[in-house]
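Single-letter residue listing:
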Amino acid sequence: QQPVQSPQAVILREGEDAVINCSSSKALYSVHWYRQKHGEAPVFLMILLKGGEQKGHDKISASFNEKKQQSSLYLTASQLSYSGTYFCGTVPAAGNKLTFGGGTRVLVKP
Amino acid sequence: DVKVTQSSRYLVKRTGEKVFLECVQDMDHENMFWYRQDPGLGLRLIYFSYDVKMKEKGDIPEGYSVSREKKERFSLILESASTNQTSMYLCASSFVAPAHEQYFGPGTRLTVT
């Protein structure tokens, strides 16, 4: 079953912050985040493993609450280059397949 | 730099045709994946392979098959293309699944008429 991402879309002004959420109905081993710009291939951002670790990539960071089976991606002081579709992917605690969510479209305006 | 290439960016086929989509990676990765991408549905796994000649079904394998005769090459086969298989197809590879990052190819936009 696919993880659920929210919101489906968000529009920001440059410099604003946003949060993208990813929820699963299963116990998770890891959460992965990717970004896809229009017309391009998805690009890896980060992996969060069981343990509630928070990771960062420039001003993009993420957290993983394994008890709630949720992850959040934080876009801080957004830049125009942050525009794109963000996908979370989850790997269940008892499994080996990465399953992606439906994506969140982010548009950062000047 | 890891490179994943796909044989075509755009492909138009007729209903009932047999379609081959090819993917090649140059980083000696063990694992290779085929996804289809449709608006609102994200990336859905069709098949993956963790070794030469090994394959495992993903979430939506119906109507597809795969072949991996060499480590660097992973083929997706549509035995008899149908209009509901019109989609963007993305290939990916990774060193160790599922804990490592996947590297994606540019995708093949397949239209079945």
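Predicted model only: the values in this text are computed from it and were never measured.

Definitions and limits used
- Residues numbered from 1 in each chain as written.
- Chains lettered and ligands numbered in written order.
- Predicted model: local features only at pLDDT ≥ 70, side-chain atom pairs only at ≥ 80, totals over all residues.
- Heavy atoms only, no water.
- Contact = heavy atoms within 4.5 Å.
- Buried area = accessible area lost by both parts, 1.4 Å probe.
- Salt bridge = Lys/Arg side-chain N within 4 Å of Asp/Glu carboxyl O.
- Polar contact = N/O pair within 3.5 Å; in protein donor to acceptor, adjacent residues only side chain to side chain.
- Helix = DSSP H or I, 4+ residues; strand = E, 2+ residues; numbered from the N terminus.
- Phe/Tyr/Trp six-rings, centres within 6.5 Å; stacked < 30°, edge-to-face > 60°.
- pLDDT = per-residue confidence, 0-100.
- Buried < 20%, exposed > 50% of the residue type's maximum accessible area, 1.4 Å probe, protein only.

(A) Fine view of the interface of chain A and chain B. In this complex, chain A contributes 19 residues to the contact, which on the side of chain B involves 23 residues. Together, the buried faces of chain A and chain B total about 1600 Å²; carbon and sulfur atoms form 57% of this surface. It is Asn96, Lys97 and Phe100 of chain A in chain A that bury the most area against chain B; as a group they hold 28% of the surface buried on that side. Counting every contact that joins chain A to chain B gives one salt bridge. Lysine 97 of chain A is the partner of aspartate 59 of chain B in a salt bridge, and the nearest nitrogen-oxygen pair spans 3.7 Å. On inspection of chain A and its partner chain B, the count reaches three residue pairs in polar contact (both at pLDDT 80 or more). Elements that contribute at least two residues to the side of chain A that touches chain B include exactly strand S4 (28–36), strand S5 (43–49), strand S9 (84–92) and strand S10 (99–100) of chain A. Of all the elements, S4 of chain A adds the most residues to the side of chain A that touches chain B, at four residues.

(B) Up close: unusual backbone geometry. Residue and element names in this part refer to chain A. Of the consecutive residues serine 6 and proline 7, the connecting peptide bond is found in the cis state with omega at -5°. Tracing the chain through its elements places proline 7 in the loop between strand S1 (4–6) and strand S2 (9–13). Here the phi dihedral of alanine 77 falls at roughly 50°; this positive angle occurs in a residue that is not glycine. Turning to its location among the elements, alanine 77 is positioned in the loop between strand S8 (70–75) and S9.

(C) Layout of the packing of aromatic side chains. All chains considered together, the criterion is met by nine aromatic pairs over all chains. Look at tyrosine 34 of chain A and phenylalanine 100 of chain A: their rings are 5.5 Å apart centre to centre, the planes differ by 70°, and that puts the pair in the edge-to-face class. Placement of the pair is tyrosine 34 of chain A in strand S4 and phenylalanine 100 of chain A in strand S10, with a sequence separation of 66 residues. Through a chain of ring-to-ring contacts, the aromatic side chains of Tyr34, Phe44 and Phe100 of chain A together with Phe33, Tyr35, Phe48 and Phe104 of chain B assemble into a single cluster.

(D) Main features of the confidence of the model for chain B. When pLDDT is averaged along chain B, the result is 93; 96% of the residues meet or exceed 70. When mean pLDDT is taken per element in chain B, strand S11 (residues 108–112) of chain B scores highest with 98 and strand S6 (residues 54–57) of chain B scores lowest with 92.

(E) Structural detail: the environment of valine 10 of chain A. All names here are of chain A. In this fold, valine 10 is placed in strand S2. By relative accessible area, valine 10 is classed as buried at 18%. Along the chain, valine 10 and serine 78 lie 68 residues apart, while their C-alpha atoms are 12 Å from each other. Once residues within four sequence positions are removed from consideration, valine 10 is found in contact with Thr104, Arg105, Val106 and Leu107.

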